[in-house]
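Listed below, chain by chain, are the residues.
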Amino acid sequence: MPTTTLGAKKNVTATIKISWLLYDIMNETFLRGRTIQNKENHKEVASMFASEDEENREKILRSIKRSFAEVQTELGEYLNENGTTTDNSHFDGSHDLVLNLTMPSNFNEAATAGVGEAVHAYLMNSTIADWYIVTNKGDAEQYYALANKSMELIRQSVSKRSRPTKPVD
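Residues numbered from 1 in each chain as written. Predicted model: local features only at pLDDT ≥ 70, side-chain atom pairs only at ≥ 80, totals over all residues. Heavy atoms only, no water.

## Here we look at the pairing of strand β1 (residues 10-16)
- Here β1 shows a clear split, with Lys10, Val12, Ala14 and Ile16 buried on one side and none of Asn11, Thr13 and Thr15 buried on the other.
- Here 7 bridges tie β1 to strand β2 (residues 97-103), and the two strands are oriented antiparallel to one another. Within β2, the position partnered with threonine 15 by the bridge is valine 98. (Buried < 20%, exposed > 50% of the residue type's maximum accessible area, 1.4 Å probe, protein only. Helix = DSSP H or I, 4+ residues; strand = E, 2+ residues; numbered from the N terminus. Pairing = 2+ DSSP bridges.)

In structure tokens, the structure reads:
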């Protein structure tokens with residue numbers, strides 16, 4: 001029977017793959033644009049599509065960096081990171097985003113996937129909302145609301161705890 005050392009923290013790592021995050025952002029804006037396209041709004045719809053063109057990528061990556069910082073702030077009590085400096089430099093998207101969390105010993109590990117998925121959804125929806133503030137104001141608030149819902153799911157996921165098990169003597 002496995003034993004757990006009392007008070008042993010659990011290390012949880014959530015890696016957000018930038019390539020998949022960018023794909024989901026571009027795909028979501030493409031699908032949304034396609035659903036509202038008609039014979040009169042081709043130009044407006046075309047500007048809604050997020051792409052990897054340099055000028056678009058800069059805006060998208062800046063939003064991802066900001067959103068990830070918000071997640072880090074929210075999960076601050078669990079973050080296993082050292083560092084007391086930051087800057088406003090450009091995030092070039094050349095590396096994935098990683099959260100190294102130190103969770104309580106009774107953290108329910110089944111919630112680990114939920115943490116990663118909720119962080120991905122938050123970054124995606126928050127970035128799309130920022131994108132739509134510039135290109136499609138009518139849908140921006142909807143995506144900010146989705147981002148807020150994702151942040152709540154992050155909070156719920158990291159708060160999951162396992163029931164204690166009866167000792168077997």
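The rest of the description comes next.
## A look at the packing of aromatic side chains
- Taken as a whole and assessed by the stated rule, the structure comprises 3 aromatic pairs.
- On the numbers, 5.4 Å between centres and 80° between planes, the contact of tyrosine 132 with tyrosine 143 is edge-to-face. Here tyrosine 143 lies in helix α5 (residues 137-158) and tyrosine 132 lies in helix α4 (residues 112-135), a separation of 11 residues in the sequence. (Phe/Tyr/Trp six-rings, centres within 6.5 Å; stacked < 30°, edge-to-face > 60°.)

## Comments concerning a negative patch on the surface
- Side chains of Asp53, Glu54, Glu55 and Glu58 sit close together on the surface and give a patch of like negative charge.
- Tracing the backbone shows glutamate 55 in helix α3 (residues 54-74).
- We classify glutamate 55 as exposed; its relative accessible area is 57%. (Patch = residues over 30% accessible without salt bridge, like charges linked within 9 Å, V, L, I, M, F, W, Y side chains within 5 Å. Areas by Shrake-Rupley, 256 points an atom, 1.4 Å probe, with all protein chains shown as cover. Salt bridge = Lys/Arg side-chain N within 4 Å of Asp/Glu carboxyl O. Lys, Arg positive; Asp, Glu negative; His and termini not counted. Charge placed at Lys NZ, Arg CZ, Asp CG, Glu CD.)

## Considering the pattern of salt bridges
- Tallying each qualifying case throughout the model produces 8 salt bridges.
- The closest approach of N and O atoms between lysine 17 and aspartate 96, which form a salt bridge, is 3.5 Å. Linking lysine 17 in the loop between β1 and α1 (18-36) with aspartate 96 in the loop between α3 and β2, this pair joins segments that are 79 residues apart in sequence.
- Where glutamate 52 meets arginine 57, a salt bridge forms, and the shortest distance between an N and an O atom there is 2.5 Å.
- You can call arginine 57 partly exposed: its relative accessible area is 21%.
- Linked by salt bridges that have partners in common, Arg66, Glu70 and Asp130 make up one network.

## Considerations on the nonpolar core
- The biggest cluster of nonpolar side chains holds 39 residues, and the ones touching the most others in it are Ile64, Val71 and Leu123.
- Residue assignment for this core shows that the elements contributing at least two residues are β1, α1, α3, β2, α4 and α5.
- Among the elements that take part in this core, α4 stands out by supplying 10 residues, more than any other.
- Not counting chain neighbours up to four residues away, the residues in contact with valine 71 comprise Leu99, Val119, Tyr122, Leu123, Met151 and Ile154. (Core = buried A, V, L, I, M, F, W, Y, C linked by side-chain atoms within 4.5 Å. Contact = heavy atoms within 4.5 Å.)

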